[in-house]
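The residues making up each chain are set out below.
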Amino acid sequence: TADMTTIGGGIWYVVTNWMATAALMVNGTANLILMDGATLVADGGVRVADGNTLNIFAQSEGARMGELTANGANYGAGVGGGHEEAAGAISIHGGKVTAKGHGYAAGIGGGTFDSVDAARVAGGMVAIYGGVVKATGAFAAAGIGGGRYGAGKSVAIFGGEVTATGGNEGAGIG
């Protein structure tokens, strides 16, 4: 759509300095490399729906590592599913990643649920290998995992510094 930029197709995207006011949508597999000092702001969130994959890397570690800030919109996760949409596979290997869900959506994971099928907002497969990750869920949603009423599916943390805060009545991770 006009308010969304699509990335994917197995392409590697090197982020040097980019501000996206619209949502980013992953179609297939997208690989982001956040260069030192780079900032990527997705005020409409980064949509990674079920069946799609987002891999995030940083050029290096330390104070200058690149940043991704993703603020969910329209009841979507900061990084993950949109409204009534389960998340796909999300792996974070580095960078400063800050994600905040909107409505009843997870910071990283599933979108908002308001129908009878809770599987529609499952958290997807989230793996964190490094970086500094801060995820905040909206009301009744996990910081990392499922949106309101949705299951977390799979969350694995192998390294990095992770802060996951659920919205009121939501789990930090789950």
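Residues numbered from 1 in each chain as written. Predicted model: local features only at pLDDT ≥ 70, side-chain atom pairs only at ≥ 80, totals over all residues. Heavy atoms only, no water.

Undergrad: It is not clear to me how the environment of valine 97 should be interpreted in this structure. Could you clarify?
TA: Along the chain, the position of valine 97 falls in strand 12 (residues 96–100). With 57 residues separating them along the chain, valine 97 and leucine 40 place their C-alpha atoms 9.6 Å apart. If sequence neighbours within four positions are ignored, valine 97 has contacts with Ile56, Leu68, Ile92, Val132, Val133 and Lys134. (Helix = DSSP H or I, 4+ residues; strand = E, 2+ residues; numbered from the N terminus. Contact = heavy atoms within 4.5 Å.)

Undergrad: What is the right way to read the packing of aromatic side chains from this model?
TA: Centre distance and the angle of the planes are the two values used to describe a pair of aromatic rings. In the structure shown here, the tally under the stated rule is 3 aromatic pairs. Positioned above the aromatic ring of tyrosine 104, the side-chain terminus of arginine 148 is 4.3 Å from the ring centre. (Phe/Tyr/Trp six-rings, centres within 6.5 Å; stacked < 30°, edge-to-face > 60°. Lys NZ or Arg CZ within 6 Å of the ring centre and 35° of its normal.)

Undergrad: How should the sheet that holds strand 8 (residues 53–58) be read in this particular structure?
TA: By way of backbone hydrogen bonds, the strands of a sheet pair with one another, either parallel or antiparallel. Taken in spatial order, the 6 strands make up an open sheet running 2-5-8-11-14-17, and their pairing is parallel. Strand pairing shows two members of the sheet lacking a second neighbour, strand 2 (11–15) and strand 17 (154–157), which therefore form its edges. Each strand axis lies, on average, 10° off the axis of its neighbour in the sheet, ignoring direction. With 4 bridges connecting them, strand 11 (residues 89–92) and strand 14 (residues 125–128) associate as parallel partners. When the bridges of strand 14 are listed, serine 91 appears paired with alanine 127. (Pairing = 2+ DSSP bridges. Axes fitted to C-alpha atoms, helices over the stretch in contact; angles between N-to-C directions.)

Remember that the coordinates give geometry; whether it matters functionally is a separate question.
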